[in-house]
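Topology and contacts: notes
This is what each chain is made of:
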Amino acid sequence: MATFNYTVDTKPMADEIRSVSRHVNATTGAVVAMQTAVIIAEEKAAEHVCNNVNKGFYSLIRSQISQKMAKLQSEVDSHLMQMVQQKNALLSIKNRMQKDYNMISSRYIKLFNGLNSNLKQRVFELDKPTIDFAVKEVDKVSNRTKQLTATIPIAQLESLATSQKIIASNVKYRGLHVIKSMRSFLFEMNTQKKLTDQILINDARYTETASVYIPIVICECNRDKTEPGVEISVTNVELDNISKSAIKNTAFAELNQIEWQQLSNTNVEIISEFSKLVSFSSNSQRVKDMALMLFQSNNYQTN
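Let me sum up the structure you'll find in this document. (Residues numbered from 1 in each chain as written. Predicted model: local features only at pLDDT ≥ 70, side-chain atom pairs only at ≥ 80, totals over all residues. Heavy atoms only, no water.)

Another aspect to go through is the overall build of the chain. Scanning the chain from terminus to terminus reveals 7 helices and 4 strands. Moving toward the C terminus, one meets the helices and strands of the chain in the order α-α-α-α-β-β-α-β-α-α-β. Considering the chain as a whole, with its 303 residues, one finds that 4% of them fall into the buried category. Taking the contacts inside the chain whose residues are at least 6 apart along the sequence as the reference set, 42% of them involve residues at least 24 apart. (Helix = DSSP H or I, 4+ residues; strand = E, 2+ residues; numbered from the N terminus. Buried < 20%, exposed > 50% of the residue type's maximum accessible area, 1.4 Å probe, protein only. Contact = heavy atoms within 4.5 Å.)

Take a look at the structure:
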C-alpha cells in the first residue's frame with residue numbers, strides 16, 4: 001500500500017491566531033474600559049438624580065414654608081393694622097373724654113367755688129363781730145406770742161429771765177417740730193423704699209451666682225388614651241415663675257440621662273409627713289384609708 005507523507009506549514013495559521021488573540025485582548029480591554037465608564041456614568045447619573053431630587057424636595061419644603069410665612073405675615077400685618085386703628089380710635093376717645101372731663105370739672109369747680117364764697121359771706125354776715133374776733137383778733141393775739149418772741153425785752157431782771165425762758169422754750173418747741181418732721185420724712189422714705197423693693201423686680205437677684213438644691217418630683221401618668229406623659233412638679237416655696245420654668249426645662253432636657261434607682265424602704269420622714277397630711281385632711285375615712293393603702297403599696301425610684 002502506498003504511503004503519502006505531507007508536510008503542512010502551520011506558521012500562517014499561528015500568525016493569524018496570534019493576531020486574533022491580540023484583537024481579543026484589545027477587545028477585552030475595551031470592554032473593561034467600557035464597563036468602568038458605564039459604572040462611572042451610572043454613579044454620576046445616580047448622584048445627579050439624587051441631587052436633583054434633594055434640591056427639588058428642599059425647594060418644595062422651602063416654598064411651602066415661604067408660603068406659610070407669607071400667609072402668616074399677612075395675617076399678622078392685618079391684625080397689627082387693625083390693632084393700630086383700634087389704638088388710634090381709643091386714643092381719640094380718651095382725648096375727647098379728657099377734654100370733656102376738664103371742661104365739666106372746670107365748670108363745676110367754678111360753680112362750687114362761687115357757692116362756697118357766697119355761703120361763707122352769708123355765714124360771716126350772720127354774726128360779723130364774733131366772726132371778726134374769731135378770725136382776726138384771735139390770730140393776732142396767738143401770733144404775737146409765737147412770732148415776736150425774739151423781740152428784745154426792756155424790763156426788770158426778773159421779767160428778763162422769764163422772757164429768756166419763754167424764748168428758749170419756743171426754740172425748743174420749734175426744734176422738736178423740725179425733728180419730728182425729719183423723723184416722719186425719713187420713716188416715710190424708708191417705708192416707701194421697702195414697698196418699692198417689694199413691688200419692683202430686683203435684677204441683682206438674677207445676676208448673682210449661687211448653688212441651691214431644690215427637690216423635684218418626676219411622674220409618668222396617663223391623662224387619656226394616648227401614650228403616657230411625664231410631669232415635673234417643683235416646690236412653690238421661695239421660687240418665682242422664672243426659676244420654676246428654668247428648673248423644669250433643665251429636668252426635661254436631662255430626663256433621658258438620669259439613672260434611676262429603686263428604693264427598698266421608704267424614708268421614715270416621708271411616711272410621717274404623708275400620715276400627717278392624711279390625718280389633717282377633710283376627706284372621708286374611706287378616702288384616707290385608700291390613700292394610705294396606695295402609699296404603702298407604691299414603689300418609686302429616685303436619683
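Past the structure itself, the notes keep going.
Right, let's get into the packing of aromatic side chains. Enumeration over the complete set of coordinates arrives at 3 aromatic pairs. Residues phenylalanine 274 and phenylalanine 295 carry aromatic rings whose centres are separated by 4.3 Å and whose planes lie at 15 degrees to one another, so their mutual orientation is stacked. Placement of the pair is phenylalanine 274 in helix α6 (residues 268-280) and phenylalanine 295 in helix α7 (residues 285-296), with a sequence separation of 21 residues. (Phe/Tyr/Trp six-rings, centres within 6.5 Å; stacked < 30°, edge-to-face > 60°.)

The next point concerns the side chain of lysine 244. On the secondary structure map, lysine 244 appears in helix α5 (residues 241-253). Ignoring sequence-local partners within four residues, the contact set of lysine 244 consists of Val234, Thr235, Asn236 and Leu239.

Between two packed helices, both the angle of their axes relative to each other and the distance between the axes serve to describe the pair. One way to put it is that α6 packs onto α7 with a least axis distance of 10 Å and a crossing angle of 165 degrees. Viewed along their axes, α6 and α7 adopt a mutual orientation that is roughly antiparallel. Our pair here, α6 against α7, has a crossing hand that is right-handed. Contact residues: Ile270, Ile271, Phe274, Val278 and Ser279 in α6; Lys288, Ala291, Leu292 and Phe295 in α7. When grouped by side-chain class, the residues that make up the contact of α6 with α7 number 7 nonpolar, 1 polar and 1 charged. (Axes fitted to C-alpha atoms, helices over the stretch in contact; angles between N-to-C directions. Parallel < 35°, antiparallel > 145°, perpendicular 65-115°, else oblique. Left-handed = near helix turned anticlockwise from the far one by under 90°. Nonpolar A, V, L, I, M, F, W, Y, C, P; charged D, E, K, R; others polar.)

Take a nonpolar patch on the surface next. A grouping of Met103, Ile104, Tyr108, Leu111, Phe112, Leu115 and Leu119 is seen on the molecular surface, where their side chains present a nonpolar patch of about 670 Å² in accessible area. Structurally, the position occupied by leucine 115 is in helix α1 (residues 11-126). (Patch = residues over 30% accessible without salt bridge, like charges linked within 9 Å, V, L, I, M, F, W, Y side chains within 5 Å. Areas by Shrake-Rupley, 256 points an atom, 1.4 Å probe, with all protein chains shown as cover. Salt bridge = Lys/Arg side-chain N within 4 Å of Asp/Glu carboxyl O.)

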